[in-house]
Every structure is written in structure tokens, then in C-alpha cells.
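Overview (structure and organization)
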Amino acid sequence: MIKFRSSTLRSAAALLSPVTPAAQRCLRFSSSPQQENSTFYELRTYNIHPHLNSAFLQLTNEKIHLRTAHSQLIGYWSIEYGGLNKVFHIWKYDSYSQRAGVRSALSQDPSWLSDYISKAIPMLKSQENEVTYMLPWTHLQGPPQEGGVYELVSYMMRPGGPAVWGDTFQASINSHDAPGYGKLIGAFHNEFGPMNRVHALWWFESADQRAELRHRAHTDARVVAAVRSSVVHLDSQENKLMFPLPFSPLK
């Protein structure tokens, strides 16, 4: 008869035991479909010298085709409220190796370098980029119609990741999206850049509609309850209202 040590039996029992709800949450949020298939989104913010803002926008409008020939642009916006003389854009990559290949190709593209980069870089005060994955319960969507405005809401969450704050954050977002207090385009979680940061991108018909819907949401008990549950995990929040540029795929 084979004898097993008690420690071995305990280990086997642990493997066969049902997974607790808390452990299920950790498993669910620690590995999302987007991360498994390596797709990520690079978020870029450029700070433009004020007196060159118009010139930068015109140059980019004329020459952006040189850049989109190399990889997929999701959207490109000018920030109207929450930051002056800034643009924000999102690029999609299937993998880090694809992005490395794109950067290498751009560095050897004479038209890109001479017709755009050599002119655009002196117009900029600074550049920032973040690498993000989409949260597993959201996917990138288009607006219901062209036109309108976009709001980028950036949350600095307390450390712990989606395994800690994921459920309440999702409930807070859904409490706005489901009743129509805004159209959620996508929710992104940082991998590189400021850690514990999450971005929610919303669409509205106009800035005035956004203001009206926000006032209505403040009186909705479902929204108030969901936000109160989520805010305990929040350190800070920043909102920007943005207008899509003419060449932006998301309009």
C-alpha cells in the first residue's frame, strides 16, 4: 500500500478545492483576452507651442498619411477643455515587435522625416506616451454618428490593479453607459507610463449635451451608489474635452 505524506495530501486537496469568489476575481482580471493576444494601444499627448498650434494642426492634417501608411490610427483629437495647445491620439499595435518594426521603418522613411518630422518637432514643447490594454469587459466601439465631442476621463487608481478595483470600476462605468449618460468608446488600463491609471473615452453629441447628461446622472440613485463604491479606490481624476481632427478615424 502506498502511503502519502500529510503535506502532499493537503496540497492535492488544495488543487481540487473549489476556487473562492475572491480568487475568481483575481484570475478574471489578471489575464484579459487583449493581453493574451498581445494587442495594445499607444496613447500619445503632444504639447504644442501656443503660437505654432494652428501651423502644427495644418501640417499634420496635410501629412498624416505618411504616418498612417505604417500603422493603424484609431483617433486624433485637439484638446479644447482641460488642456490648451495639446493633441491626443491613439495607435493600435498587434505586438511590441510590430511597433518596433513600425518605428524602424519610420526612421528610414525619407518623406516622413523631411516632410513632417523635421517641421513638426520644433513646434512641440513635449511629448508623452502610454501603453495600454483594453479592460477585458470593454471593446473599442465607434460613435453612433459622425460629429460630436469626446471626453477623455483619466483615473489614477490606488495600487492593486483590476483584481482590487475592477468590479466597482466596471459598475461605475456601466451606470453611466447603460442609461445613456454618455456613449462609452473604450476603457484602457496602463501597462507603461503612470501605473494604476485607467482611461475611459466617451462620446457626446455636443459639449452642451454632455453638461445636460452629467446633471441628470448626478440625480440618478444608481449612478450615485456605483460611484460611491468605486471612489474609495480612486486617488485622482482628470477630464479633457476633445474635438476630433478632420482626418481622425473616430469622428
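Residues numbered from 1 in each chain as written. Predicted model: local features only at pLDDT ≥ 70, side-chain atom pairs only at ≥ 80, totals over all residues. Heavy atoms only, no water.

1. With respect to the pairing of strand β8 (residues 234-244)
To keep things clear, this is the line we draw: The criterion for strand pairing is that DSSP finds at least two bridges linking the strands in question. Per the convention used, a helix needs a DSSP run of H or I reaching at least four residues, while a strand needs a run of E reaching at least two, with both numbered from the N terminus.
Relative to β8, strand β2 (residues 72-81) runs antiparallel, the two sharing four bridges. Considered in β8, the bridge of tryptophan 77 is made with proline 244. In terms of strand pairing, strand β5 (residues 149-157) meets β8 through eight bridges, oriented antiparallel. The partner of tyrosine 155 across the bridge, within β8, is glutamine 237.

2. Details of the packing of aromatic side chains
The geometry of an aromatic ring pair comes down to the distance between the two centres and the angle between the two planes. The criterion, for reference: In this scheme Phe, Tyr and Trp rings, the latter by its six-membered ring, pair at centre separations within 6.5 Å, and the angle between planes marks the pair as stacked below 30 degrees, edge-to-face above 60, and tilted otherwise. Under the scheme applied here, a residue whose accessible area is under 20% of the maximum for its type counts as buried, over 50% as exposed, and between as partly exposed, the area being computed with a 1.4 Å probe on protein chains only. For a Lys NZ or an Arg CZ to count as sitting over a ring, it must be within 6 Å of the ring centre and within 35 degrees of the ring normal.
The tally for this structure, following the rule as stated, stands at 13 aromatic pairs. Both rings, one in tyrosine 76 and one in phenylalanine 247, keep their centres 5.0 Å apart while their planes meet at 65 degrees; by these two values the pair is edge-to-face. With tyrosine 76 in strand β2 and phenylalanine 247 in the segment after β8, this residue pair connects regions lying 171 residues apart in the sequence. The two residues tyrosine 76 and phenylalanine 247 agree in class, both being buried. Positioned above the aromatic ring of tryptophan 91, the side-chain terminus of arginine 67 is 4.1 Å from the ring centre.

3. Structural notes on the nonpolar core
Applicable threshold: Only buried residues count toward a nonpolar core, which is a set of Ala, Val, Leu, Ile, Met, Phe, Trp, Tyr and Cys residues joined through side-chain atoms within 4.5 Å. The criterion used for residue contact is that any of the two residues' heavy atoms lie within 4.5 Å.
Within the largest apolar cluster, 24 residues are counted, with the highest numbers of intra-cluster contacts made by Phe56, Tyr76, Val87 and Tyr116. Mapped by element, the contributors of at least two residues to this core are β1 (40-48), α4 (53-68), β2, β3 (86-93), α5 (96-107), α6 (110-120) and β4 (124-134). Here the element with the most residues in this core is α4; it accounts for five residues. Non-local contacts of tyrosine 116, meaning those with residues more than four positions away in its chain, are made with Phe56, Leu59, Thr60, Lys63, Tyr76 and Ser111.

4. Side note on the layout of surface pockets
One simple way to see leftover space: roll a probe sized like a water molecule over the atoms. How we decide: Grid points spaced at 1 Å over the protein atoms alone were grouped into cavities, where a 1.4 Å probe fits but cannot get out, and pockets, open sets with protein on both sides within 12 Å along at least five of seven lines, with lining residues defined by an atom within 4 Å of a point. Grid points are joined across faces, edges and corners, and a volume is the space filled by probe spheres set on the points. Asp, Glu, Lys and Arg are counted as charged, while Ala, Val, Leu, Ile, Met, Phe, Trp, Tyr, Cys and Pro are counted as nonpolar; the rest, among them Gly, fall into the polar class.
By volume, the largest pocket is sized at about 510 Å³. As for the largest pocket, its lining consists of 25 residues, and the residues nearest its centre are Tyr155, His176, Arg214, Val227 and Gln237. Elements with a contribution of two residues or more to the lining of the largest pocket: β5, α7 (162-177), β7 (197-204), α8 (207-218), α9 (221-230) and β8. Looking at the second largest pocket, its volume works out to about 290 Å³. Taken together, 18 residues line the second largest pocket, and the ones lying closest to its centre are Arg44, Tyr46, Arg103, Trp112 and Ile117. Elements with a contribution of two residues or more to the lining of the second largest pocket: β1, α4, β3, α5, α6 and β4. Of all the elements, α6 adds the most residues to the lining of the second largest pocket, at four residues. Of the residues in the lining of the second largest pocket, the class split is 11 nonpolar, four polar and three charged.

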